[in-house]
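Notes for the structure review
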Amino acid sequence: MFDQYLSRRYQKFGRPDPSAYLIKDKTAIAGIGATEFSKNSGRSELQMACEAIIDAVEDAGLKMEQIDGLVKFAMDYTDEMHLVSALGIKDLAFFAECGWGGGACCSTISHAAAAVATGMAKYVVCYRAMNERSGRRYGRVPGVETVMAAPNDHYGYIMPYGLAVPPSWVALFGTRYMHDYNVTAEQLGWVSVVLREHACMNPEAMFYGVPATLEDYMASKMIVEPLRLYDCCVDSDGACAIIVTTTERAKDLKQTPAVIMGAVQGIAEQGEMMTSLYRPKISLLPEVWYAGQELWRVSGVTPKDVDVAQFYDAFSPLIPMQMEEYGFVEEGEGALFCEGGERIRIGGELPCNTSGGHLSEAYIHGMNLINEAVRQVRGTSTGQVDDVEISLVTGGLGVPTSAILLRR
Amino acid sequence: MTVNYNKNEMIPAPVVDPDSKAFWDAVQNQELVFQKCGDCGRLRHPPRPVCPKCRSLNIEWEPSSGKGTIYSKTIYRKSPHPGMKAPFTVVLVELDEGLKLISNMVDIKNDDIKIGMQVEVVFDNLTDDLNLPKFRKVD
Ligand SMILES: [Zn+2]
């Protein structure tokens, strides 16, 4: 099956030999940190970023003075200059930023890993801080003038028709995906229900203590057809931070290293900011497919080796769609794989989003998914999967994307 | 009309820049045109300055057949914008020449819009200086 997946659309254009890939096994995640996740943090995004970074530095057993690299989201309102001043970081030798919203989450790790693998820095912090719930919510129309002033994003061809917010963008993909592969609402519902089950095991989750059944899902409010409220991520305030260093150094620190097997990015033609609707077929996600190809190529493993996965889940159809594009199932079979929930639950064939994911833990643009993937490798998750060797995280999709593979 | 506008509010207007000007100028003259490579003839939308196939900078504008089918759709139950009243439907139309366009439908109920439905372009005159290409069902 995997060979069929590889041959489906794979065109090699002189990719480097995997032996030249300096990140695999030589770099690791040594620390993770986070604030609480809430509807209203009551403090600035800068403070949230600082708190998460302090938490990650302590988790790793480092001193703040040892941090010499920082990778931010292009969308983050905080920046390296003010963090250096706020946190008293003395010698920041490497700093970078990653674009495309939640597509950036695993990109931050690939930038950081490249920096430590090539000797540009020793301890690089990747972070995201967002008061997305109490501040500017993505599900609400932003200042139209601001958005329209970005002609390269081609919003001018969609906004006049009211196609104005992320759920509606994903809804157009969702409608066609369901049409092409006879996907039912119940199949998507199982994604939502299982992630809620996982959140109910995680006291940090926004939906801890709020279980939901398939009946609750079906009865939840229709937002933009075919997406119901329970198909949408939980808008959150929160911050996460992750520390990348070499595996050698990580071994001398406080935590079991989560060794990086691959950290990759993917982009494809005819992409638009969450509205890549002009492609011949929209139930496929070519940038995700490219990221997957690259991930399996550099890591040398295949989907069947993955023990636990955190798929970027801003909306529930995105999980089955990614399963297909990363080669876990055949094209069109993702939703069937999720039906009934057994295969994607903790203890199932491919346990997914074991802290509750964006749908039910919190929506911190993929960075909370990375924290959970690290906990799975350490054996410290509230939804711990037995004997985890290999742990996958994927970045936001519908945009240029990214992915990482971690191992014990 | 499937979109009821609230004319007291601003309706998001198209962005007109050097790459998109010819498209929107044609629309204001009630004509739907697409960018065509002046060398290899490849059609493209949204407009971009270069042909991704042969990298030619020569651009022609080809009148569209205006005919196509509904490729995907979504219905807003709550309006995302004060200028538009919910419920309304956004459609993704696949034109006969193979290009896709985001739009709305006219003269049809939201629930009657189906994937595969044959449609043709019409022009919705919203204000004195704004026409939008929209679609209606072809029987
Ligand atoms: Zn050409």
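Because the structure is a prediction, the values reported are computed rather than measured. (Residues numbered from 1 in each chain as written. Chains lettered and ligands numbered in written order. Predicted model: local features only at pLDDT ≥ 70, side-chain atom pairs only at ≥ 80, totals over all residues. Heavy atoms only, no water.)

1. What about the overall build of chain A?
Put simply, the rule reads: In DSSP terms, a helix is any run of H or I states spanning at least four residues, a strand is any run of E spanning at least two, and both are numbered starting from the N terminus. For the radius of gyration, the atoms used are the C-alpha atoms, and the globule rule reads 2.2 Å times the number of residues raised to 0.38. Between buried and exposed lies partly exposed: a residue is buried under 20% and exposed over 50% of the maximum accessible area for its type, with that area taken using a 1.4 Å probe on protein chains only. What makes two residues a contact is simply this: any of their non-hydrogen atoms within 4.5 Å. In these tables, accessible area is a Shrake-Rupley quantity obtained with a 1.4 Å probe, and a residue counts as shielded only by the protein chains included in the view. The charge count treats Lys and Arg as positive and Asp and Glu as negative. His and the chain ends do not count. Each charge is placed at NZ for Lys, CZ for Arg, CG for Asp and CD for Glu.
Helix and strand counts for chain A stand at 14 helices and eleven strands. Against the globule reference of 22 Å for 408 residues, chain A gives a C-alpha radius of gyration of 20 Å, in line with a compact fold. Overall, the C-alpha framework of chain A stretches about 55 × 45 × 45 Å when taken along its three principal axes. Looking at chain A as a whole, 64% of its 408 residues are labelled buried. Long-range pairs, those at least 24 residues apart, make up 76% of the contacts in chain A with a sequence separation of at least 6. For chain A, the exposed surface amounts to about 14400 Å²; the carbon and sulfur share of it is 52%. With 34 positive and 51 negative side-chain charges, chain A shows a spacing of 2 Å between the two charge centroids.

2. Here's the deal with the overall build of chain B
The secondary structure content of chain B amounts to one helix and ten strands. For chain B, the sequential pattern of α-helices and β-strands runs β-α-β-β-β-β-β-β-β-β-β. For 139 residues, the compact-globule estimate of 2.2 N^0.38 gives 14 Å, and chain B sits close to it at 16 Å. Counting the 139 residues in chain B, one finds 49% classified as buried. Considering only contacts within chain B whose residues lie at least 6 apart along the sequence, 52% involve residues at least 24 apart. As displayed, chain B offers around 6600 Å² of accessible surface, 45% of which is attributable to carbon and sulfur atoms. Across chain B, the centroid of the 19 positively charged side chains sits 7 Å from that of the 19 negatively charged ones.

3. Considerations on the coordination of the zinc ion
Residue and element names in this part refer to chain B. Our working rule: Listed donors are limited to N, O and S atoms within 2.8 Å of the metal, widened to 3.2 Å for Na, K and Ca; water is not among them, so incomplete-looking sites are possible. Just to be clear on the cut-offs, tetrahedral is four donors with all angles between 85 and 135 degrees, square planar is four donors and octahedral six with opposite donors over 155 degrees apart and all others between 65 and 115, and anything else goes down as irregular.
Around the zinc ion, the protein contributes the donor atoms Cys37 (SG), Cys40 (SG), Cys51 (SG) and Cys54 (SG), at 2.3 Å from the metal centre. Each of the four donor atoms bound to the zinc ion contributes to angles spanning 100 to 118°, and the resulting shape is tetrahedral. With relative accessibility at 34%, the residue Cys40 sits in the partly exposed group. For Cys51, a relative accessible area of 1% translates into the label buried.

4. With respect to the sheet that holds strand S2 (residues 33–37) of chain B
Residue and element names in this part refer to chain B. Going by this rule: A strand pair is defined by DSSP finding two or more bridges across the two strands.
Overall, antiparallel pairing links the three strands, which are arranged S3-S2-S4 in an open sheet. The open sheet has two edge strands, strand S3 (43–44) and strand S4 (59–63), and neither has a second partner. Examined bridge by bridge, S2 and S4 share five bridges and lie antiparallel to one another. Residue pairing for S4: Gln35 is matched across the bridge by Trp61.

5. Concerning the packing of helix H2 (residues 45–60) of chain A against helix H3 (residues 80–87) of chain A
Helix packing geometry: the angle between the two helix axes and the distance between the axes. Residues and elements named next belong to chain A. For clarity, the threshold we go by: Only C-alpha atoms enter the line fits that serve as axes; for helices the fit covers just the stretch in contact. Angles between N-to-C directions range over 0 to 180 degrees. Two helices crossing with the near one rotated counterclockwise from the far one by less than a right angle form a left-handed crossing, whereas a clockwise rotation gives a right-handed crossing.
At a minimum axis distance of 10 Å, the contact between H2 and H3 shows a crossing angle of 65°. Pair H2 / H3 crosses with right-handed handedness. Of the residues in H3, those touching H2 at Leu46, Ala49, Cys50, Ile53 and Ile54 are His82, Leu83, Ala86 and Leu87.

6. Focus on the environment of Val329(A)
With respect to the element layout, Val329(A) can be found in the loop between helix H11 (318–325) and helix H12 (334–338). A C-alpha to C-alpha distance of 9.1 Å links Val329(A) and Pro303(A), two positions 26 residues apart in sequence.

7. A word on the sheet that holds strand S8 (residues 258–266) of chain A
Residue and element names in this part refer to chain A. Strand order in the open sheet made by the nine strands is S3-S2-S4-S7-S1-S8-S11-S10-S9, with mixed pairing throughout. Edge positions in the open sheet fall to strand S3 (94–98) and strand S9 (308–310), since each of these has one partner strand only. On average, each strand axis in the sheet is tilted by 25° relative to the strand beside it, whichever way the strands run. In this sheet, strand S10 (residues 390–394) lies alongside S9 in parallel orientation, the contact comprising three bridges. Bridge assignment links Val308 to a residue of S10, and that residue is Ser391. Relative to the sheet, helix H14 (residues 367–378) contacts strand S1 (27–34), strand S2 (69–73), strand S4 (124–131), strand S7 (237–246), S8, S9, S10 and strand S11 (401–407), its axis offset from that of S1 by approximately 115°.

8. Brief notes about the confidence of the model for chain B
Applicable threshold: The predictor attaches a confidence to each residue, called pLDDT, with possible values from 0 through 100.
When the pLDDT values of chain B are averaged, the result is 93; 99% of them are 70 or greater. Predicted complex metrics record ipTM = 0.96 and pTM = 0.96.

9. Observations concerning the interface of chain A and chain B
This is how it is decided: Throughout, buried area stands for the accessible area (probe radius 1.4 Å) lost by two parts on being put together, summed over both. Put simply, a salt bridge is a Lys or Arg side-chain nitrogen that is within 4 Å of an Asp or Glu carboxyl oxygen.
With 35 residues of chain A at the interface, the matching set in chain B holds 38 residues. Across the chain A/chain B interface, buried area totals approximately 3200 Å², and carbon plus sulfur atoms make up 61% of it. It is Tyr157(A), Tyr161(A) and Tyr278(A) that lose the most area in chain A upon contact with chain B, and together they represent 26% of the buried surface on that side. Taken together, chain A and chain B are joined by two salt bridges. For Arg48(B), the salt bridge is made with Glu272(A), and the minimal N-O distance between the two is 3.0 Å. When residues of the side of chain A that touches chain B are traced back to their parent elements, those giving at least two are helix H5 (144–148), helix H6 (166–181) and strand S5 (222–224) of chain A. The element best represented in the side of chain A that touches chain B is H6(A), accounting for six residues.

10. Quick look at the nonpolar core
The line we're drawing: Among buried residues, the Ala, Val, Leu, Ile, Met, Phe, Trp, Tyr and Cys ones that are joined through side-chain atoms within 4.5 Å form a nonpolar core.
If you look at the biggest cluster of nonpolar residues, it comprises 142 residues, and the most contacted ones within it are Ile29(A), Phe311(A), Met323(A), Ile370(A) and Ile102(B). Ranked by residues supplied to this core, first place goes to H6(A) with eight residues. With sequence-adjacent residues up to four places away left out, Phe311(A) is seen in contact with Ile319(A), Gln322(A), Met323(A), Tyr326(A), Phe328(A), Leu350(A), Cys352(A), Asn353(A), Leu369(A), Leu392(A) and Thr394(A). By size, the runner-up hydrophobic cluster in this structure holds 27 residues, among which are Ala49(A), Ala52(A), Leu87(A) and Leu92(A).

11. Focus: H3(A)
Formally: Whenever two N or O atoms come within 3.5 Å, that pair is a polar contact, provided that in protein one can donate a hydrogen and the other can accept it, and provided that, for residues adjacent in sequence, both atoms are side-chain atoms.
Backbone nitrogen of Met81(A) and a side-chain oxygen of the N-cap are separated by 3.0 Å at the start of H3(A); the cap is Asp79(A). Where H3(A) terminates, the next one or two residues include Gly88(A), which has phi positive at roughly 65°.

12. A look at the domain arrangement of chain B
Residue and element names in this part refer to chain B. So the rule is basically this: Where a domain begins and ends is set by an automatic assignment or by a domain database.
Under the domain assignment, chain B is made up of domain 1 (13–63) and domain 2 (65–139). Placing a centre on the C-alpha atoms of domain 1 and another on those of domain 2 gives a separation of 21 Å. Between domain 1 and domain 2, the residue contacts involve 13 residues of the former and 13 residues of the latter. Note on domain 1 versus domain 2: buried area summed over both sides is about 1100 Å², and carbon and sulfur give 72% of it.

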